[in-house]
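# Observations on chain architecture
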Amino acid sequence: IYSRITGEVNMVASRYDGKKTMHFCLLFFIVAPITLGIASIVWFHRISNRIGNELKRRNVNYNLSCADYWLWNVLGSIIIVGPFIYFHKLFKATNLMCADYNAKG
């Protein structure tokens, strides 16, 4: 699923923000083990911000930012359901971004 998100975000947003997100498979299998998981934290932080910025640029009425990652996925893990809420927000934001891209280009 995350590999697909990486490809979709790069396809939709790269033309406007000039960035390219590292493919999740490369991150998961090579970079994250070398960095002891720190790279995956940075990846989720950046992808959350990038999707949120693209939603704002497209005037889609939905908020996602790195704060959602830190509050729901990291701190929310204390209440167990926090990561589920974060991933729901991430997937919904990605779907809204792609739906707007499909409608408007």
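Anything mentioned here points back to the structure above.
This text gives an overview of the structure that appears in the document.

Reading the values: rules and limits
Residues numbered from 1 in each chain as written. Predicted model: local features only at pLDDT ≥ 70, side-chain atom pairs only at ≥ 80, totals over all residues. Heavy atoms only, no water. Helix = DSSP H or I, 4+ residues; strand = E, 2+ residues; numbered from the N terminus. Rg over C-alpha atoms; globule rule 2.2 N^0.38 Å. Buried < 20%, exposed > 50% of the residue type's maximum accessible area, 1.4 Å probe, protein only. Contact = heavy atoms within 4.5 Å. Areas by Shrake-Rupley, 256 points an atom, 1.4 Å probe, with all protein chains shown as cover. Lys, Arg positive; Asp, Glu negative; His and termini not counted. Charge placed at Lys NZ, Arg CZ, Asp CG, Glu CD. Polar contact = N/O pair within 3.5 Å; in protein donor to acceptor, adjacent residues only side chain to side chain.

Attention shifts here to the overall build of the protein chain. Along its length, the protein chain carries five helices and zero strands. In the protein chain, the succession of helices and strands from N to C terminus is α-α-α-α-α. Here the C-alpha atoms of the protein chain give a radius of gyration of 14 Å, agreeing with the 13 Å that 2.2 N^0.38 yields for 105 residues. Within the protein chain, buried positions represent 39% of all 105 residues. Excluding contacts between residues fewer than 6 apart, the proportion of contacts in the protein chain whose partners are at least 24 apart in sequence is 58%. As displayed, the protein chain has an accessible area near 6400 Å², and 65% of this comes from carbon and sulfur atoms. Distance between charge centroids for the protein chain: 2 Å, based on 12 positive and 5 negative side chains.

Glancing now at the environment of W72. You can see W72 is positioned in helix α4 (residues 66-74). Measuring from C-alpha to C-alpha, the distance between W72 and F84 comes to 8.2 Å, with 12 residues separating the pair along the chain.

Right, let's get into the side chain of E54. Within the element layout of this structure, E54 appears in helix α3 (residues 38-57). A relative accessible area of 3% places E54 in the buried class. Looking at E54, its side chain comes within polar contact range of the side chain of R58, at 2.8 Å.

With that settled, consider the side chain of T6. With respect to the helices and strands, T6 occurs in helix α1 (residues 2-17). On the accessibility criterion, T6 (1% relative accessible area) is buried. Excluding residues that lie within four positions of it along the chain, T6 makes contacts with T21, M22, H23, F24 and W43.

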